[in-house]
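# Architecture at a glance
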Amino acid sequence: MTNPKEEKTVVLIKPDGVKRGLVGEIISRFEKRGLKIISLEMFQAQKEQIDDHYPKDEKWIKRLGQKTTNNYQEHGMDLMGELGTEDLLEIGKMVRNWLVEYMVSGPMIKIVVKGVHAIKMGRKLAGSSMPSEAQVGTIRGDFSVDDATAANRDKRAIHNIVHASETLEEATHELGFWFAAEDIFDHKRTDDI
Ligand code: ADP
Ligand code: MG
């Protein structure tokens, strides 16, 4: 097992977070929790980059389709009527395309966050992918009420303000994908544990 204090995760403040002026608020939540920011930059992503940022395997795409399906069922809404299919892969592909459009719709902030169980902590601070289900106190739960039923009706991705790597595999990929070694500035904080 690697040292838990050394764990790194990638946080992106998505275009809606930047447009709504939530950059400082979001950074502050990570810092106050005791997680260290070791890289930070604003940038404009290109479609091909977002395509490579997210997993491309069928399992992951079907999972997106499943999330939509579950959300429609919970609210008793007509999936077939609105999306024209109930096929998980087809729905997943649709959602993934909307996701690419969303992530290039304005500048984002990319951040490397380091600290104890950084990946799990990043997910906790972000909250559920569906803001309407996210706990109050999380970033998504405090600043959005969006979900799949609302987003898919408008043929767009869920606007949920931040991205945070979900697994060690994702974090490792995203770290290498978005950051050069010389852009990482590890340092000691006075409250380092
Ligand atoms: P997370 O960002 O919490 O890791 P996922 O990896 O499941 O969530 O999905 C990636 C992003 O795709 C989400 O953050 C959200 O912006 C968008 N998204 C996920 N599921 C849906 C959906 N059913 N409809 C529209 N957009 C979605
Ligand atoms: Mg994810």
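Everything below is about the structure shown above.
A short tour of the structure in this document, coming up. Source: prediction; values computed, not measured.

What counts as what
- Residues numbered from 1 in each chain as written.
- Chains lettered and ligands numbered in written order.
- Predicted model: local features only at pLDDT ≥ 70, side-chain atom pairs only at ≥ 80, totals over all residues.
- Heavy atoms only, no water.
- Near = heavy atom within 4 Å.
- Polar contact = N/O pair within 3.5 Å; in protein donor to acceptor, adjacent residues only side chain to side chain.
- Areas by Shrake-Rupley, 256 points an atom, 1.4 Å probe, with all protein chains shown as cover.
- 1 Å grid on protein atoms, 1.4 Å probe; cavity = no way out; pocket = protein on both sides within 12 Å on 5 of 7 lines; lining within 4 Å.
- Sits in = over half its atoms within 2 Å of the grid points.
- Helix = DSSP H or I, 4+ residues; strand = E, 2+ residues; numbered from the N terminus.
- Points joined across faces, edges and corners; volume = space filled by probe spheres on them.
- Phe/Tyr/Trp six-rings, centres within 6.5 Å; stacked < 30°, edge-to-face > 60°.
- Lys NZ or Arg CZ within 6 Å of the ring centre and 35° of its normal.
- Buried < 20%, exposed > 50% of the residue type's maximum accessible area, 1.4 Å probe, protein only.
- Contact = heavy atoms within 4.5 Å.
- Axes fitted to C-alpha atoms, helices over the stretch in contact; angles between N-to-C directions.
- Parallel < 35°, antiparallel > 145°, perpendicular 65-115°, else oblique.
- Left-handed = near helix turned anticlockwise from the far one by under 90°.
- Nonpolar A, V, L, I, M, F, W, Y, C, P; charged D, E, K, R; others polar.

With respect to spatial proximity, 20 residues lie near ligand 1, and among them K67, T68, R123, S129 and N160 are the closest. For ligand 1, a nitrogen atom lies 2.4 Å from a polar atom in the side chain of T68. Across the complex, the protein chains shield 99% of the 530 Å² of accessible surface that ligand 1 would expose by itself. Judged by its atoms lying within 2 Å of the grid points, ligand 1 is housed in the largest cavity. Elements represented by at least two residues in the shell around ligand 1 include exactly α4 (58-74), α6 (88-103) and α9 (148-153). No other element matches the five residues that α4 contributes to the shell around ligand 1.

Let's shift gears to empty space enclosed by the protein. The final tally for this structure, using the stated rule, is one cavity of 30 Å³ or more. Volume-wise, the largest cavity comes out at about 390 Å³. In this structure, the largest cavity is lined by 22 residues; those nearest its centre are L64, K67, L99, S129 and N160. For the lining of the largest cavity, the secondary-structure elements that each account for two or more residues are α4, α6, α9 and β4 (162-164). Counting residues per element, the lining of the largest cavity draws most heavily on α4, at five residues.

Time to look at the packing of aromatic side chains. A complete count under the given rule lists three aromatic pairs for this structure. Here a set of aromatic residues connected by ring pairs shows up, and it is made of F43, F177 and W178. In this arrangement the basic side chain of K110 is found over the ring face of F43, its NZ or CZ atom lying 5.2 Å from the centre.

The next thing to look at is the environment of G17. Relative to the helices and strands, G17 is located in helix α1 (residues 15-19). For G17, a relative accessible area of 0% puts it in the buried group. Remark: the alpha-carbon pair of G17 and D142, spanning 125 residues in sequence, is separated by 12 Å. Leaving out residues up to four positions away in the same chain, G17 has contacts with L22, V23 and I161.

Moving on, we come to the packing of helix α2 (residues 23-33) against helix α7 (residues 118-126). Here α2 crosses α7 at 130 degrees, and the two axes come no closer than 11 Å. Between α2 and α7, the interaxial angle falls into the category oblique. Crossing handedness for the pair α2 and α7: right-handed. On α7, the residues that touch R29, F30 and R33 of α2 are M121, G122 and L125. For the contact of α2 with α7, the class distribution of residues is three nonpolar, one polar and two charged.

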